[in-house]
Each structure stands twice: as structure tokens, then as C-alpha cells.
Amino acid sequence: MAITPESGIHAAPRRRAYRWPVHQPPGAAAHRDALLAWAAAPEGVEIQMRKGYVSLHSPRRKFAQVTRTTNTAVDVALRLDAAAGGRLEALKARTDDRFDRRVRLTSVDQVDEELLEVLARALDQNT
């Protein structure tokens, strides 16, 4: 069988480019952009883009991780000493995992002052 542009390894980049938008949850780019805009504002916050998530680091350590959870939700996992309640949920984590709180975002409207205050508290506790 001959390798043509329509088959095999040569067609893979086109197939990936075609499939990529299908796998993006609705509003994922907007969630990411809103959170990255907040993270770029404070002094000393480092944004690290990974393959499957975005992590936010203080000068001391990582304090938040933004991960696509489902096709309709994005989770913000936090290293935060605070009681679970409201949108802040407790996670079942290993005993050595300090990311034991999360906020699940299902719409861009949920990136609001309440979420930004929670992120600011996590940053303050980990600086």
C-alpha cells in the first residue's frame, strides 16, 4: 500500500486539527482566558501551561490547577486551608496531596468575584 497524503502519518496533523474543536468543552477557552487574566495581574504569579492543565504558582509553590474535567466542566483545584461550603467543594485526596479543595465551573459567568477571592486567598496562603 502506498502512503498518500490522505492516509497514514501524513494525514494525522489534519485529522487532529479537525478533531480539536470537537473536544473543547463549551466556553473552555473563555474560562481559561478569564483565569489567566486574573493570574497575570498579581506580582509573582507564574502561569505554567501543561498538556492537560494549567497550573498557577506563587514564588513558594503551586497553589491552583485548572483542569478540564468533562466536556461541559472545568475544575479549579486549590491548595487552600478553608472549610468546604458554597461553591468550594472538598476533594477526596491522598494523605500527601494538599490539593483538597476545588471549584467546578460549568459556565463563564461562574468566573466571578467569589472565585477570584478564593484564588487570592489560596495565593496568600501559599506565598
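Residue numbers restart at each chain and count upward from 1, following the sequence in its written direction. With pLDDT at 70 or above as the cut-off, local features in this predicted model cover only qualifying residues; side-chain atom pairs require 80 or more to be listed or tallied, and sums for whole chains, interfaces and linings still use all residues. Side-chain metrics in this entry use all non-hydrogen atoms of the structure; hydrogen atoms and water are not considered.

Participant: Could you give me a rundown of the sheet that holds strand β4 (residues 74-78), with the residues and numbers involved?
Facilitator: Backbone hydrogen bonds hold the strands of a sheet together, and the pairing may be parallel or antiparallel. A pair of strands is treated as paired once DSSP finds two or more bridges between them. Helical segments are the DSSP runs of H or I of at least four residues, strand segments are the runs of E of at least two, and each set is numbered from the N terminus. The six strands are arranged β1-β2-β3-β4-β6-β5 in an open sheet whose pairing can be described as antiparallel. Because the sheet does not close on itself, it has two edges, and the strands there are β1 (46-49) and β5 (89-90). With two bridges connecting them, β5 and strand β6 (residues 101-105) associate as antiparallel partners. Paired with A90 across the bridge in β6 is R101.

Participant: Please give an account of the pairing of strand β2 (residues 53-57) that cites residues and values.
Facilitator: Relative accessibility under 20% of the residue-type maximum defines a buried residue, over 50% an exposed one, and the middle range a partly exposed one, all with a 1.4 Å probe and only protein chains included. Counting buried positions along β2 gives four out of five residues, so the element sits mostly inside the fold. Bridge count for β1 against β2 is four bridges, and the pairing is antiparallel. Its bridge partner being in β2, Q48 is matched across the sheet by S55. Here β1 folds back onto β2, and the loop between the two strands holds three residues. Note that β2 and strand β3 (residues 62-68) share five bridges and pair antiparallel. Paired with H57 across the strands is K62, a residue of β3. If you look at the hairpin formed by β2 and β3, you'll find four residues sitting between the two strands.

Participant: Describe the confidence of the model for the protein chain, with residues and values.
Facilitator: Per residue, pLDDT captures the predictor's confidence, and it can take any value from 0 to 100. Per-residue confidence for the protein chain gives a mean pLDDT of 78; residues scoring 70 or more make up 76%. Whether two residues touch is decided by their heavy atoms; if any such pair falls within 4.5 Å, the residues are in contact. The model gives residues 1-23 a pLDDT under 50, and that stretch makes 12 contacts with residues more than four places away or in other chains.

Participant: Before we move on, could you go through the packing of aromatic side chains and cite the residues and values that matter?
Facilitator: Stacked, tilted and edge-to-face pairs are distinguished by plane angle, under 30 degrees for stacked and over 60 for edge-to-face with tilted covering the rest, among Phe, Tyr and Trp rings (Trp via its six-membered ring) whose centres lie within 6.5 Å. For the structure shown, the criterion picks out one aromatic pair. Ring centres of W38 and F63 lie 6.4 Å apart, and the angle between their planes is 75°; this geometry places the pair in the edge-to-face category. One end of the pair, W38, is in helix α2 (residues 28-40); the other, F63, is in strand β3, and 25 residues separate them in sequence. Residue W38 shares its accessibility class with F63, and that shared class is buried.

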